[in-house]
Amino acid sequence: MSMTYTNLGRSGLKVSRVGLGSWMTYGSGVDMSTAVRCVRTAIDAGVVFIDTADMYAGGEAESMLGEILVDTRRSDLVLATKLFWPMSDNVNDRGLSRKHVFESVEASLRRLRTDYIDLYQCHRYDPETPVTEVVRAMDDLVRQGKILYWGVSCWSAAQIVDAVRVAQATNAVAPISNQPPYNMLEREIELEVVPTCEREGVSQVVFSPLAEGLLTGKYVAGEVPAGSRAAHEQYGRFLRPRMREDNFRRVAALQQVADDIGIRLSQLALAWCLRLPNVASVIMGATRPQQVSENAASAAVELSPAVLERLEAILMNEPE
């Protein structure tokens, strides 16, 4: 087993450097039999960090994971979920109000068939709820034993600092993680979020590390494989805007680097994300067990300074 582990934020919790996600897969795009094989393959590869959200497939992702994991020893897993997006037409069934936080955690616990959630994440920032209310609600859930830690997703550097400062001022539990998109083609968090989080003791657990599949090498300019994510009207809506000529040229150059060092392009992309100490884990989405095995192996890939320099030249310059 080649999986490696690291602490999440300024806490004692350890997560696998590669985590398993469930966005647009379990509960919607992948049947139960395939999902079982993917999850089992991940666990066998040493993946302990499993991430989901209440709104994925309208709760079905949590329900499917709950069914799959019911016979797995709970202490072997770091189970993470999220709340924020509307779960019904009810005016209070959304956001980060104390009411929604308390009601959402109960619903997630039922769907996941567990007594506690290891990492409970605010799926977005809620401008309509005071940060003090959010921090206090999360702190209360920790004290009740319903969650062990909490984090955020796609929060700005200033918003993260605000939450940490409120927690410090009120002697409450502070967030230990942020879940943003991050990959070779989307590096915005490097400017402010990562430096701020390094200072504040908050780790990144990044999603879309393969740029919705563009960094797997299966897409080439002018071609959309039948049955692929890009070909799906709904699931491909985040990928298709990335399918630009300049990105295809970069992917081709990156593929050459991967070939030269004897690994898959997807493994190169994941290992590149993990080069940053502040990135504790990359969250992979997988629809086949083979993808899980290949991606999990990226945790053991160490990129040399020479390779990293070569990659930076490709990413920062317009390829020929």
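Heads up: the structure comes first, above all this text.
Residues numbered from 1 in each chain as written. Predicted model: local features only at pLDDT ≥ 70, side-chain atom pairs only at ≥ 80, totals over all residues. Heavy atoms only, no water.

1. Quick look at the packing of helix α4 (residues 131-144) against helix α5 (residues 157-169)
This is how the line gets drawn: What counts as an axis is a line fitted to C-alpha atoms, over the stretch in contact for a helix, and the angles between N-to-C directions run from 0 to 180 degrees. Working definition: helices are DSSP H or I runs of at least four residues, strands are E runs of at least two. Numbering for both runs from the N terminus. Throughout this description, any angle smaller than 35 degrees is read as roughly parallel, any larger than 145 degrees as roughly antiparallel, any in the 65 to 115 degree range as roughly perpendicular, and the remainder as oblique. For a crossing to be left-handed, the near helix must be turned anticlockwise from the far one by less than a right angle; the clockwise case is right-handed. Throughout, a contact is declared for two residues whenever any of their heavy atoms are within 4.5 Å. Think of it as three bins: nonpolar holds Ala, Val, Leu, Ile, Met, Phe, Trp, Tyr, Cys and Pro, charged holds Asp, Glu, Lys and Arg, and polar takes everything else, Gly as well.
For the pair α4 and α5, the least separation of the axes is 9 Å and the interaxial angle reads 60°. Accordingly, the angle class assigned to the pair α4 and α5 is oblique. For α4 against α5, the interelement crossing comes out right-handed. Between α4, through Val 131, Thr 132 and Val 135, and α5, the contact on the second element is made entirely by Asp 162, Ala 163, Val 166 and Ala 167. Its residues assigned to classes, the contact of α4 with α5 shows 5 nonpolar, 1 polar and 1 charged.

2. What about the nonpolar core?
Convention followed: In plain words, nonpolar cores are sets of buried Ala, Val, Leu, Ile, Met, Phe, Trp, Tyr and Cys residues tied together by side-chain atoms within 4.5 Å. Remark: exposure states derive from per-residue accessible area (1.4 Å probe, protein chains only) relative to the maximum for the residue type, with buried under 20%, exposed over 50%, and partly exposed in between.
Among the nonpolar cores identified, the biggest contains 84 residues, and Tyr 26, Tyr 120, Ile 147, Trp 150, Met 184, Leu 268 and Leu 311 are the most heavily contacted of them. Those residues in contact with Leu 311, other than ones at most four positions away along the chain, are Met 184, Leu 254, Val 257, Leu 268, Trp 272 and Leu 303. Counting 12 residues, the second largest nonpolar core, distinct from the first, contains Leu 119, Ile 176, Val 205 and Ile 283.

3. Comments concerning the pattern of salt bridges
This is how it is decided: The term salt bridge refers to a side-chain nitrogen of Lys or Arg lying within 4 Å of a carboxyl oxygen of Asp or Glu.
Enumeration over the complete set of coordinates arrives at 18 salt bridges. Between Arg 143 and Asp 139 there is a salt bridge, and its shortest N-O distance comes to 2.6 Å. A residue pair is termed a helical-turn pair when its members lie 3 or 4 positions apart in one helix, as Arg 143 and Asp 139 do in helix α4 at 4 residues. Of the residues examined, Asp 139 reaches a relative accessible area of 1% and is grouped as buried.

4. Quick word on the pairing of strand β6 (residues 117-122)
Stated formally: The pairing criterion is simple: DSSP has to find at least two bridges between the two strands. With the strands aimed away from the viewer, a crossover counts as right-handed if its path from the first strand over the helix to the second runs clockwise.
Within β6, 6 of the 6 residues are buried, which leaves the element mostly enclosed by the surrounding structure. Here strand β5 (residues 78-83) runs beside β6; their pairing, made up of 4 bridges, is parallel. Following the sheet pairing, Thr 81 is matched in β6 by Tyr 120. Read as a crossover between parallel neighbours, the route from β5 over helix α3 (residues 98-112) to β6 is right-handed. Of the strand pairs in this sheet, β6 and strand β7 (residues 147-152) are connected by 5 bridges, and their pairing is parallel. By the bridge assignment for β7, Tyr 120 is matched with Trp 150. Handedness of the crossover joining β6 and β7 through α4 is recorded here as right-handed.

Treat this as a map of the structure, not an account of what it does.
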